[in-house]
Every structure is written in C-alpha cells, then in structure tokens.
2 protein chains.
Amino acid sequence: MTANSKAVVLLSGGMDSCVTAAIAAQTHSLALVHASYGQRTAARERRAFDEIANFYGVSDRDRLVARLDYFAQIGGSALTDSSIAVPQRAAGAARGTVRGTAANGGGEIPVTYVPFRNAHFLSVAVSWAEAIGAGSVWIGAVAEDSSGYPDCRPDYYRAFQELVRVGTRPETRIEIITPVIHLRKSAIICRGIDIGAPLHLTWSCYQNDDQACGSCDSCLLRLSAYTEAGVADPIRYRNGVAPY
Amino acid sequence: MTANSKAVVLLSGGMDSCVTAAIAAQTHSLALVHASYGQRTAARERRAFDEIANFYGVSDRDRLVARLDYFAQIGGSALTDSSIAVPQRAAGAARGTVRGTAANGGGEIPVTYVPFRNAHFLSVAVSWAEAIGAGSVWIGAVAEDSSGYPDCRPDYYRAFQELVRVGTRPETRIEIITPVIHLRKSAIICRGIDIGAPLHLTWSCYQNDDQACGSCDSCLLRLSAYTEAGVADPIRYRNGVAPY
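Conventions used here
Residues numbered from 1 in each chain as written. Chains lettered and ligands numbered in written order. Predicted model: local features only at pLDDT ≥ 70, side-chain atom pairs only at ≥ 80, totals over all residues. Helix = DSSP H or I, 4+ residues; strand = E, 2+ residues; numbered from the N terminus. Buried ≥ 20, exposed ≤ 12 C-beta atoms within 10 Å, placed from the backbone. Pairing = 2+ DSSP bridges. Axes fitted to C-alpha atoms, helices over the stretch in contact; angles between N-to-C directions. Contact = placed C-beta atoms within 7 Å. Least-squares fit on C-alpha atoms with pLDDT ≥ 70 in both.

1. A short note on the environment of Asp50 of chain B
All names here are of chain B.
Phase 1: Inspection of the secondary structure puts Asp50 in helix H2 (residues 42-55).
Phase 2: Overall, Asp50 belongs to the partly exposed group, with 18 C-beta atoms counted inside 10 Å.
Phase 3: Spatially, the C-alpha atoms of Asp50 and Leu201 are 9.4 Å apart, while their sequence positions differ by 151 residues.

What follows is the structure, encoded as structure tokens:
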C-alpha cells in the first residue's frame, strides 16, 4: 500500500472502527463510509460518525453515508427488527473479563446478528474505492472479543479479498485491511489512546441514543474492556453506571 | 436443494433474470428481490419486475424491493452517473453475431460497468435468504455473451459461494445458483420460450423507459440474440426498429 494514498474506512462510530480510522490516518488520507440500516441507534451512530469525521478534518466529498433501509424489511435481528428484544443484563453481573460478558461466550450467535451484514458494508466500501481509485478498504472487525458473528473472522476477510480480486476491474487493486481483528477490546482501547483516537466521540450502546444504557451486551462489553485496560471510559452513562 | 423449498431469485426485469426465475419456478416457490440503484431506467425495470412477479403469482411478502440509492453518490458508471454517456450505436451496425455487438468484444470493461455491483445484489439476496430460511439464491449472470463485467464470471460466483459459507450462521446452507451463466443470449431466449417465461414483460434498454430505443448496447445485444434465435422479439421498439 502506498503511504498517503486514499484509504476507504468503514466507520460505524463505535470504538473498533474509530481506532481503525486512527490507524489508517497515520499513513493515508481518509475516505469515510457510514451505513445506516434501520438499526435502533442509527441517529446516534451517525452523530458519532460525523464527529469523528470532523475530528480528522475529512471533507464532505470524502464522506459517504449509505442508507441500507431494506434491512428493516429483511429483519431477522434484534438490531433492526423491533419484534426481537435486545438482551439486557444486570449491570454488574459479568464485568470480570471481557469474554465473560457477551451472549456468545459459548460460541452461539447473538440475537443482534444481522444476517450477512458486513458483506453489504464491504460492498459499499469496495464500490466506492474502485470508483475513486482508493487502494484499500479498512474495517474494524474483531474476531475474538466482541461478537461471535460469523462475518467478523479472518477467514471471512480472506474470502472477501478473493471476491474483490475476481470481481473488480483487472487493473483494480484493493486491499481489505482489518488492523484490529486479532486484538482484545482492551488492547484496542490502549492502541487508540496511544495514537490519539477520539474515543470520547464513539458510541457503542444498542439500546438508547441519549446516554449509554450501561446494561446492554454492547455496553457491558465496552465497560469490561475499559476495566481490563485500567482506564476510565470517557463517555457518559445513564443511571450513574461507573465507567471504571 | 429441496424441491418446492423457497428460492430467492434476483429479478432485474431483464431477459436473463426472467428466465432464471422461470427455471427456479419449476422446482421452487419464488421469493423475488429487485434492486433499484439510481439506474437510468429504474422505474421501467421496476414495472417489469412487478409484472413478472404478478405473472408468477408471487405475494407481496415474497417480494423485496431494495433501494440502493447510494450508487448515485458512488458514481463511476454510465448507468448511475449522468455525466457519463451511455454508448449509442448505429442501429444496424453490428447485428450479425451477438458477440460482435457489445462494447466488450475485445475484453474491455464497458462504461456501463457499475463497480462491484453484483456483490450488493447478492448480499441483499443472501441476507434475506438467511432471514427467511431459503436454501438458494438464483442470479441470471451470463459469462460470455452479455457483458465483460468482472462480476458475471463463474470464478466470481465460486468466490461468493465461499463467502456465504464462511459468513453466515454455521447451520445456514445457501446455494448460489447461476442457471444461465454458460448460455448464449439466444439460448437463454430459447430456454425461456420452452418453459413459458414471460419474455414479453422483460425490459433491457439502458436509455429510455417508454419504448426501447433499439440502439443502445443492451438493445443491440437483445435484438441480435433474437435474430440468432430466429424468433421475433415480443417487445416494442421506438422508431420502428424491426425486432426480427
């Protein structure tokens, strides 16, 4: 990859994608993609995207906000289908280790899994990268800590890289880069702090869009990771959940 | 694949996807997906989709129309970017053989190529298939005759099949089926006629949405294929272009 060439980065507004953007920004000019797909906290995530993009001085023409509203029609996930409840835990129940908190500790797919979601996001990013001549697409997928989702594993990105190779113009070279895929959530936080990622602008909560609930799986995972990292979470939580 | 199980079929409203749906309908119950992505003839293609879906008696809940409006922002193709002209040929210039008509006769990628487009369509279809429990996704890609697009080749569908295998729930089995990929356009017409596909309801023109122009690459390809098949094209053309 060429230093200072353009990098297309998928930026949801969460910590993993924020740190991914921070890593990409060290060597590349950023082109940021955000997807709105009818998820419960779409407006709040969009605000996080805008604020992080502003933080990095990314111009409007280097931002792409894609509306994937059809996910609401597809359904099948607690994130996009209001008939499926987002799981809530007792706030202090499982804060010891990061792995202990997630619904998928035993390898199950959580109800927040959106069928084949990352393929949509990556396709938007690759189409844009090919159209603007960017040489790389960056995504903050995390294999171990955060999900149990099938589309967050290294195998998946190897398969997608092959799809990009055969499915774009012969002269197109787009590298799929997953810089945090093998990191624990706590290590992502440390890495982000080290390189000045604006973690205070990120959003993780599945449930609310004012202050984070502190009790959904995503909040618990975030809080546990901050505990493990030994630093205070800079965002605010509802009901006085202590960030550290 | 199980006979009479549900098949998700990508139906653009063109001949290839219409015949693909007709083939799927022989053994499966149809769930039809249509994508609107800011292409010039979106409204006309949608009408073709609706009429073909009506022809097969597909209920509203088994139809999914996905709006991929972000393609207009991505640009890079004459189909979605009004600053790039759709190529026009003299109507009778190259009617002898099908291969002779397309801009890509020499292996070049035509300006109507939309970067990485089919990955978006397939992702919508696979997400829906996983959500509703369909065991197959059908797409009317044609390798040889119709395009020169990189995402119409068998290699591409093998790569996508692998992506589906690694990127969906462990228990999910979705087969990607490309029943016309090795057929010439004229053979697709013959097959369609043989099994009663409603070719009279299909739409191919890149240029207009009332009557087909008869002079864009897509019309020329269609007309040449009908000539080669030795049958009359049942749709109407502007300016009295003879269908046979």
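The discussion continues.
2. Quick word on the sheet that holds strand E4 (residues 136-138) of chain B
All names here are of chain B.
Phase 1: Strand order in this open sheet of 5 strands is E3-E2-E1-E4-E5, and the pairing throughout is parallel. Strands with a single pairing partner mark the edges of an open sheet, and in this sheet they are strand E3 (63-67) and strand E5 (175-177). When strand polarity is set aside, the average angle formed by the axes of neighbouring strands in this sheet is 20 degrees.
Phase 2: As paired strands, E4 and E5 are joined by 3 bridges and run parallel to one another. When the bridges of E5 are listed, Ser136 appears paired with Glu175.
Phase 3: Its contacts with the sheet place H2 against strand E2 (29-36) and E3, and it is angled at close to 175 degrees to E2.

3. Looking at the environment of Phe49 of chain A
Residue and element names in this part refer to chain A.
Phase 1: Topologically, Phe49 is positioned in helix H2 (residues 42-55).
Phase 2: Using a count of 27 C-beta atoms within 10 Å as the deciding quantity, one classes Phe49 as buried.
Phase 3: C-alpha of Phe49 to C-alpha of Leu10: the two residues are 39 residues apart in sequence and 9.8 Å apart in space.
Phase 4: Each residue touching Phe49, except ones within four places of it in the same chain, is listed here: Leu11, Gly13 and His34.

4. Description of the sheet that holds strand E4 (residues 136-138) of chain A
All names here are of chain A.
Phase 1: Read across the open sheet, the 5 strands follow the order E3-E2-E1-E4-E5; overall the sheet is parallel. The open sheet has two edge strands, strand E3 (63-67) and strand E5 (175-177), and neither has a second partner. Between one strand axis and the next, the sheet turns by 20 degrees as a mean value, whatever way the strands run.
Phase 2: In this structure, strand E2 (residues 29-36) lies alongside E3, joined through 5 bridges in parallel fashion. Residue Val33 lies in a different strand from E3, and its bridge partner there is Leu64.
Phase 3: Contacts from H2 reach E2 and E3 within the one sheet, and its direction differs from that of E2 by about 175 degrees.

5. Overview of the relation of the copies chain B and chain A
Phase 1: Overlaying chain B on chain A yields an RMSD of 0.0 Å, the required transformation being a rotation through 180 degrees with an accompanying axial translation of 0.0 Å. Both chain copies can therefore be described as sitting about a two-fold axis. Minimal C-alpha distance to the rotation axis in chain B is attained by His120 of chain B, lying at 3.0 Å.
Phase 2: Same-surface contact between copies: 100% of interface residues of chain B are shared with the interface of chain A.

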